[in-house]
Amino acid sequence: MMPNESAKRNKAKQKQKAQLAKAVSKEDAVKPEVAVDTATEVTNNLEALTIADNSAPSASSQTPTNPAIAANSMLEVVDIPGKGKGVVALVDIPSGTRIMKEAPYMIMTADIPSAVDARIKRALAELDDEHRSAFLSLHNANPSRPFPYWSTFDTNALPLGPNSPQGAIYPTVCYINHSCIPNANHCWNKNLKMETIHALRDIKKGEEITIAYILEGTRAERRVHVHERLGFECQCEACGAPDDEVAKSDERRRLITIFGARIGNPLRTVTIPLEVLKECVIFLSIVEEEFGEDTALSASAYTDCFQIAVCCGYAPGAKRFALRAYKCRVKVEGEDSPETIRMKEFSEDPSLHPAWDIF
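These numbers were taken from a predicted model, which means no experiment stands behind them.

Each value, and the rule that gives it
- Residues numbered from 1 in each chain as written.
- Predicted model: local features only at pLDDT ≥ 70, side-chain atom pairs only at ≥ 80, totals over all residues.
- Heavy atoms only, no water.
- Helix = DSSP H or I, 4+ residues; strand = E, 2+ residues; numbered from the N terminus.
- Buried < 20%, exposed > 50% of the residue type's maximum accessible area, 1.4 Å probe, protein only.
- Areas by Shrake-Rupley, 256 points an atom, 1.4 Å probe, with all protein chains shown as cover.
- pLDDT = per-residue confidence, 0-100.
- Contact = heavy atoms within 4.5 Å.
- Salt bridge = Lys/Arg side-chain N within 4 Å of Asp/Glu carboxyl O.
- Pairing = 2+ DSSP bridges.
- Axes fitted to C-alpha atoms, helices over the stretch in contact; angles between N-to-C directions.
- Nonpolar A, V, L, I, M, F, W, Y, C, P; charged D, E, K, R; others polar.
- Phe/Tyr/Trp six-rings, centres within 6.5 Å; stacked < 30°, edge-to-face > 60°.
- Core = buried A, V, L, I, M, F, W, Y, C linked by side-chain atoms within 4.5 Å.

Which residues make up the overall build of the chain, and what values go with them?
A count of helices and strands for the chain gives twelve helices and ten strands. Classification of the 359 residues of the chain by burial places 48% in the buried group. Counting every atom, the chain has about 17500 Å² of accessible surface; 53% of that belongs to carbon and sulfur.

Shown next as structure tokens:
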């Protein structure tokens, strides 16, 4: 690189870092309270983004010291009118608590239905009586479809992480029902090889514990998906709300989908990083309005902010965003989640990221 070109590049990088510094400098800033009806009503003021302090996650977001014991004492599977089986809290559960962790007793890789059905039949022959009976008693949303074992698996399985070709069946987790406004988050922990369930908010004794099978789409779209895939019409808090509230929720979810796609576009991150950072602010505001604070979606957005700061080589911003992502992940995944551990390391030294200062 010629000296003049090098000087120009360094000057551009310094300007970019100065802009990032301005964007993340106000540690006492507060997210705007946003009632989203249209995109024009959402602030794009980057300085409104909440930047967490350097304190550790609160006690309520710590994982119980013995999750297995906690699971047995905190929940039970019961009959729920209109839903079949479900899981309810036996005690008050604080937000951020690991409600349970559970290993699957059956894992299948995606394939044509006939092949999966045949593999399940062989797997059932090898299971003990308890787990075989448990699988055979699970709800089959489409009993008229061919390959009943595959259909039962398809109704009840959870993926082993985002976009995984593998799904799994669990003794208890499979009884946790769906809500479009869930009070718990489910996550596959590949280090533990278990599914974990964490409280997204305070859950009262006797309250049903719910997770989201699907978050995207309008109420009508979600109901179609849930009915076709799982055989019921969702009547959760979000879907059962008055029509005017549903219309606002539908708009928020539409915007979440739009901004999520824009933020997740790597080409835009490379070419217009500050614009993407502004969009993260919009995204976080809408997510908080729809789902509450510190959800898995929030953690992903803070991770995106971190990656922008990393690519620009701006350490103060990268550390702060990594810390915020870490705190979110402690709440929704636990301290032992691979992503939580990763973000904690980056919050201490963001230069460990392979994309450090590549812009």
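Read on, since the account is not over.
An account of the confidence of the model for the chain is needed here, citing residue identities and associated values.
Confidence in the prediction of the chain, expressed as mean pLDDT, is 84, and 80% of residues score 70 or more. Below a pLDDT of 50 lies the segment residues 25-56, which in the model reaches 66 contacts outside its immediate sequence neighbourhood of four places, other chains included.

Please provide a residue-by-residue account of the pattern of salt bridges, values included.
Within the structure shown, the criterion is met by 19 salt bridges. Arginine 223 is the partner of glutamate 233 in a salt bridge, and the nearest nitrogen-oxygen pair spans 4.0 Å. Pair noted here: glutamate 233 is in the loop between helix H6 (219-230) and helix H7 (243-263) and arginine 223 is in helix H6, with a separation of ten residues, a long-range link. Between lysine 278 and glutamate 275 there is a salt bridge, with the nearest N and O atoms lying 3.6 Å from each other. One end of the pair, lysine 278, and the other, glutamate 275, are both in helix H9 (residues 273-291), three residues apart, so they sit about a helical turn from each other. You can call lysine 278 partly exposed: its relative accessible area is 31%. For glutamate 275, a relative accessible area of 39% translates into the label partly exposed. Residues joined by salt bridges that share partners form a network here, namely Arg145, Asp154 and Arg229.

Describe in detail the sheet that holds strand S3 (residues 98-102), supporting the description with residues and values.
Reading across from one edge, S3-S9-S8 is the order of the three strands in this open sheet, with antiparallel pairing throughout. The open sheet is flanked by S3 and strand S8 (184-189), the only strands paired with a single partner. Looking at each pair of strands side by side, their axes are set apart by 15° on average, direction ignored. Bridge count for S3 against strand S9 (residues 194-199) is four bridges, and the pairing is antiparallel. For lysine 101, the partnering residue across the bridge sits in S9 and is threonine 196.

Before we move on, could you go through the pairing of strand S2 (residues 84-89) and cite the residues and values that matter?
Each regular strand shows side chains that alternate between the opposite faces of the sheet. Two strands pair when backbone bridges link them, and strand S1 (residues 75-80) and S2 are joined in this way by six bridges, in the antiparallel orientation. What sits directly across from valine 78, in S2, is glycine 86. Where S1 folds back onto S2 in an antiparallel hairpin, the turn is made up of three residues, including glycine 82, whose phi is positive at roughly 80°.

Could you give an account of the packing of helix H3 (residues 113-126) against helix H4 (residues 129-136), with specific residues and numbers?
Where H3 contacts H4, the two axes come as close as 8 Å, and the packing angle between them is 145°. On H4, the residues that touch Ile120, Leu124 and Ala125 of H3 are Arg132, Phe135 and Leu136. A class-by-class count of the residues in the contact of H3 with H4 yields five nonpolar, no polar and one charged.

Please set out the packing of aromatic side chains residue by residue, giving values where relevant.
Taken as a whole and judged by the stated rule, the model has one aromatic pair. On the basis of an interplanar angle of 25° and a centroid distance of 5.2 Å, the ring pair of phenylalanine 306 and phenylalanine 346 is categorised as stacked. A residue pair is termed long-range when its members are at least 10 positions apart, and phenylalanine 306 in helix H10 (residues 296-311) and phenylalanine 346 in helix H12 (residues 338-348) qualify at 40 residues. The residues phenylalanine 306 and phenylalanine 346 share a single accessibility class, namely buried.

Which residues make up the nonpolar core, and what are the values?
Ranked by internal contacts, the top residues of the largest apolar core, which has 41 residues, are Phe259, Phe283, Phe306, Phe321 and Met343. Elements supplying a minimum of two residues to this core: H7, H9, H10, helix H11 (315-332) and H12. Counting residues in each nonpolar core, the second largest holds 36 residues, with Met106, Phe153, Tyr170 and Ala199 among its members.

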